[in-house]
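Inside the fold
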Amino acid sequence: MSGAEGQCFCGAVAFAIDFPTKWVAHCHCSMCRRAHGAAFVTWVSVPSAQLRITNGQECIGAYKSSADAERRFCKTCGSPLFFESFGRWKGEVHIARAHFPGALDREPQVHSFFDDRAPWFHVNDQVPKRGGKTGTEPL
C-alpha cells in the first residue's frame, strides 16, 4: 500500500496522499465538532508534501479558524476537507478521514481533546483517551 485517494462529497475536489501517515486520531475539541457538525472528527495527518490535489484546486475555499490555523473546504458542496496549523503542527496537513473510502496504513490511535467531548456522545472503545491543554495529555 503506497497511498490513498479521496474526494469531497460531490467529487469536485479529489486528492491523494502518500504513505506513511504520521497519525490518525479522533478529535473531540469544540472547534472541530462545530466545523464538522459532528460529535468528533477523525483526522489523518501527513506531511504537507505528501498531499496532492488531483482535481478541483479552484473549488477549495479557506477559512482562518484561529490565529494560526486554517480550515479548507469544497466551495461546491461544503465538505470540510483539510486543517492546517501554522504553529503547533507546522508542515502537516490534517485530512478528514471520512473522505477516504478505503483502508489506510493505520487505524485511529487516540481520542484527543477527550475532556472537551460532546456530553451527549458516549465512547465505549479501547482507544486511548487524552486531553488537557494540548489535547494529548493522559487523562
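Look up a bit, the structure's there.
What this report covers is the structure whose coordinates are included nearby. Note that the coordinates shown come from a computational prediction; the quantities given were computed from them, not determined experimentally. (Residues numbered from 1 in each chain as written. Predicted model: local features only at pLDDT ≥ 70, side-chain atom pairs only at ≥ 80, totals over all residues. Heavy atoms only, no water.)

Considering the overall build of the protein
Rules: Where helices and strands are cited, they refer to DSSP runs of H or I of at least four residues and of E of at least two residues respectively, numbered from the N terminus. Within these notes, the globule rule equals 2.2 Å times the number of residues to the 0.38 power, and the radius of gyration is based on C-alpha atoms. Three exposure classes are used, based on accessible area relative to the maximum for each residue type with a 1.4 Å probe and protein chains only: buried under 20%, partly exposed in between, and exposed over 50%. Only the protein chains shown count as cover for residues, and the accessible areas themselves come from Shrake-Rupley with a 1.4 Å probe. Residues counted as positive are Lys and Arg, residues counted as negative are Asp and Glu, and His and the chain ends are not counted. Working definition for charges: the position is that of NZ of Lys, CZ of Arg, CG of Asp or CD of Glu.
Broken down by element type, the protein carries one helix and twelve strands. For the protein, the N- to C-terminal ordering of α and β elements is β-β-β-α-β-β-β-β-β-β-β-β-β. Computed over C-alpha atoms, the radius of gyration of the protein comes to 15 Å, within 12% of the 14 Å expected from 2.2 N^0.38 for 139 residues, which places it in the range of a compact globule. Expressed as lengths along the three principal axes of its C-alpha atoms, the size of the protein is roughly 40 × 35 × 30 Å. Buried positions account for 45% of the 139 residues belonging to the protein. When the accessible surface of the protein is summed, it comes to about 7,500 Å², and 53% of that surface belongs to carbon and sulfur atoms. Here the protein contributes 16 positive and 13 negative side-chain charges, whose respective centroids are spaced 4 Å apart.

Some details on the packing of aromatic side chains
Basically, it comes down to this: Working definition: a ring pair exists when centres of Phe, Tyr or Trp rings (six-membered ring for Trp) sit within 6.5 Å. Plane angles under 30 degrees give stacked, over 60 give edge-to-face, the rest tilted. A ring is scored as having a charge over it whenever the NZ atom of a lysine or the CZ atom of an arginine sits within 6 Å of its centre and within 35 degrees of its normal.
Under the defined criterion, the tally for this structure stands at five aromatic pairs. Seen from their ring centres, Phe83 and Trp89 are 6.2 Å apart, and the 75 degrees between their planes marks the pair as edge-to-face. On the accessibility criterion, Phe83 (10% relative accessible area) is buried. Taken together through their ring pairs, the aromatic side chains of Phe15, Phe82 and Phe100 make up a single cluster. Positioned above the aromatic ring of Phe114, the side-chain terminus of Lys129 is 6.0 Å from the ring centre.

Observations concerning unusual backbone geometry
Here the bond from Phe19 into Pro20 is cis, since omega is 10 degrees, no more than 30 degrees from zero. Assignment of secondary structure puts Pro20 in the loop between β2 (14–18) and β3 (23–27).

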